[in-house]
Amino acid sequence: MSVAPVENMASLNTDLFYDILRRLDGPTLATAACTCAAFCSISKEERLWEDVCSSMWPSTNREDVKSLISSIGGFRKFYADCFPLIVNKEVTDYQWNDYLEYPEEWTEAEYYGDMDEFESISPSDFVSIVDIRYKDKLICSKVLWGIPNANGFNGWFYNCPFRIDLLTYAARDDDDGEAFLSVANGLPPITSMETERKDGKLWRGLRDGLRLSWIVVNRKMKQAANLASWCPIGGQRHWPTDKDFVIRFGSILPARDILPCQVVECILSMKFRVICTEGEGAETTLKLTELSMQLEDMEGSHVNGRNSLLILKEALSCRRSKNYSEVLESCNLYSKVQNELKEEKMRSESRLDRLCILSGIAAFISFCYYVL
């Protein structure tokens, strides 16, 4: 059987090219687009990138989300904005002493920023598109339109700590409000919580298998960004109760000219509760009980709603990277500097305490001397 030689790529059918490219994932499709003019031309087809986004972020299958993505530039732009993760390595510019001098160096107007700029930001313009996977299997998809409880410029939202509890509000629009994770999803079985406390098998399974994508879209700016770290960057076992597991994702966001610390941490928390174990006559099952976002500064203080909106706006146009190790390095650098600042603060407070004690002793001795 003889095979006819192909003289050049142009001699092949365009439908064949399309059929080849539609089977590729996003990074491979982007690479293939750089190999020849034919692939480059076909790779601009929105349908290809719609399939890629649908595969990576199943929540984009919704018709309302498709319309949203089309209105901000299409699926190709959406993928280019959201596949790379946020990287911020400007943490080292911040010094603890600068933070202590905040009340004297920053006026209230400087703290709250340009009011004209703030008034151009509406909480209703933000959309959260969230997908949770465990070992490449989808366990939860949520879409939240706007930011809850943010009505009114002088409302409590703008001056209180910023927090989004996604399950509380997104479940109102979804029929499948609850999400579960079981052995059928690849979760390691446990016989009892006592056994789990000793070997930590379930905890390791959660930490190694969970993946989170939390995309924030601003409809007015027509920009989007993924605020998650994709893989967990921390967590806590058996908190606040014995059956709860908290997994933490996040990113380091720029806050230059918004807050004195210049950078903040976006914390995305996911909490699971054990509802069944093998020893109870059923397969090991976890229930997703919390999925939230909040912003914290270097001292661990929550950022208020007013500044959070400004920070989210800046995050939509900040630097990103496809290299996950670089993203992880950015988070580790922030944690390192934050720990150093806490230690320096503790040392300073310890010195101040000793000075107060010595002053008190000196005052007591002086008082006794004059009395006697």
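Calculation rules
- Residues numbered from 1 in each chain as written.
- Predicted model: local features only at pLDDT ≥ 70, side-chain atom pairs only at ≥ 80, totals over all residues.
- Heavy atoms only, no water.
- Salt bridge = Lys/Arg side-chain N within 4 Å of Asp/Glu carboxyl O.
- Helix = DSSP H or I, 4+ residues; strand = E, 2+ residues; numbered from the N terminus.
- Buried < 20%, exposed > 50% of the residue type's maximum accessible area, 1.4 Å probe, protein only.
- Pairing = 2+ DSSP bridges.
- Core = buried A, V, L, I, M, F, W, Y, C linked by side-chain atoms within 4.5 Å.
- pLDDT = per-residue confidence, 0-100.
- Contact = heavy atoms within 4.5 Å.
- 1 Å grid on protein atoms, 1.4 Å probe; cavity = no way out; pocket = protein on both sides within 12 Å on 5 of 7 lines; lining within 4 Å.
- Points joined across faces, edges and corners; volume = space filled by probe spheres on them.
- Nonpolar A, V, L, I, M, F, W, Y, C, P; charged D, E, K, R; others polar.
- Axes fitted to C-alpha atoms, helices over the stretch in contact; angles between N-to-C directions.
- Polar contact = N/O pair within 3.5 Å; in protein donor to acceptor, adjacent residues only side chain to side chain.

Per an unreviewed UniProt entry, the chain carries the name Putative F-box domain-containing protein and comes from Rosa chinensis.

### A short note on the pattern of salt bridges
Taken as a whole and assessed by the stated rule, the structure comprises 21 salt bridges. Glu50 is paired through a salt bridge with Lys66; the nearest N and O atoms lie 3.4 Å apart. Taken together, the positions of Glu50 in helix H4 (residues 46-56) and Lys66 in helix H5 (residues 63-71) put the pair 16 residues apart, joining distant regions of the chain. Residues Arg351 and Glu344 are paired through a salt bridge, measuring 3.7 Å at the closest nitrogen-oxygen approach. Given the relative accessible area of 42%, Arg351 is considered partly exposed. Given a relative accessible area of 25%, Glu344 falls into the partly exposed group. Three or more residues are tied together by salt bridges with common partners; here these are Arg47, Glu50, Asp51, Glu63 and Lys66.

### Some points on the pairing of strand E2 (residues 126-134)
With respect to burial, E2 is a largely interior element, 9 of its 9 residues being buried. Residues Phe126, Ser128, Val130, Ile132 and Tyr134 of E2 are buried on one face, and the alternating residues Val127, Ile129, Asp131 and Arg133, pointing to the opposite face, are buried as well. Relative to strand E6 (residues 210-218), E2 is paired through 9 bridges, and the arrangement is antiparallel. Opposite Arg133, over in E6, you have Arg211 as the bridge partner. In the sheet, E2 pairs with strand E3 (residues 137-145) via 8 bridges, with the strands oriented antiparallel. When the sheet's bridge partners are listed, Ser128 is paired in E3 with Leu144. Where E2 hands over to E3, the hairpin turn is made up of 2 residues, of which Lys135 adopts a positive phi near 55°.

### As for the nonpolar core
Membership of the largest hydrophobic core comes to 67 residues, with the highest contact counts inside it found for Leu210, Trp214 and Met270. Of all the elements, strand E10 (residues 263-276) adds the most residues to this core, at 7 residues. Ranked by size, the runner-up nonpolar core spans 25 residues in total, among them Phe17, Phe78, Ile129 and Ile215.

### Observations concerning the confidence of the model for the chain
On average, the chain scores 83 in pLDDT, and the residues at 70 or more come to 85%. Low pLDDT, under 50, characterises residues 108-115; the predicted model gives this stretch 15 contacts beyond four residues in sequence or across chains.

### Looking at empty space enclosed by the protein
Applying the stated criterion across every chain yields a total of 1 cavity of 30 Å³ or more. Approximately 50 Å³ is the volume found for the largest cavity. Taken together, Phe126, Val127, Ser128, Gly146, Ile147, Phe162, Ile164, Val216 and Leu312 make up the lining of the largest cavity. Looking at the lining of the largest cavity residue by residue, the classes come out as 7 nonpolar, 2 polar and no charged.

### Some words on unusual backbone geometry
Phi at Asp257 is positive, roughly 65°, even though this residue is not glycine. Assignment of secondary structure puts Asp257 in the loop between strand E9 (244-254) and E10. Positive phi is not limited to glycine here, since Gln262 has a value of about 70°.

### Some points on the sheet that holds strand E7 (residues 223-226)
Across the sheet, which stays open at both edges, the 4 strands sit in the order E3-E2-E6-E7 with antiparallel pairing between neighbours. Where the open sheet ends on each side, the last strands, each with one partner, are E3 and E7. Neighbour to neighbour, the strand axes of the sheet diverge by 15° on average, direction disregarded. Sitting on the sheet, helix H13 (residues 201-209) touches E2 and E6, and the angle it makes with E6 is about 40°.

### So, the environment of Arg163
One can find Arg163 in strand E4 (residues 163-165). For Arg163, a relative accessible area of 37% gives the class partly exposed. In sequence terms Arg163 and Gln294 are 131 residues apart; their C-alpha atoms lie 4.6 Å from each other. Excluding residues within four positions of it along the chain, Arg163 makes contact with Glu290, Ser292, Met293 and Gln294. In this structure the side chain of Arg163 is engaged in a polar contact, spanning 2.8 Å, whose partner is the side chain of Gln294.

### Comments concerning the side chain of Asn218
Here Asn218 lies in strand E6. Looking at Asn218, the relative accessible area reads 3%, which means it is buried. In this structure the side chain of Asn218 is engaged in a polar contact, spanning 2.8 Å, whose partner is the backbone nitrogen of Met221. Setting aside residues up to four positions removed in sequence, Asn218 forms contacts with Asp125, Phe126, Gln223 and Leu316.

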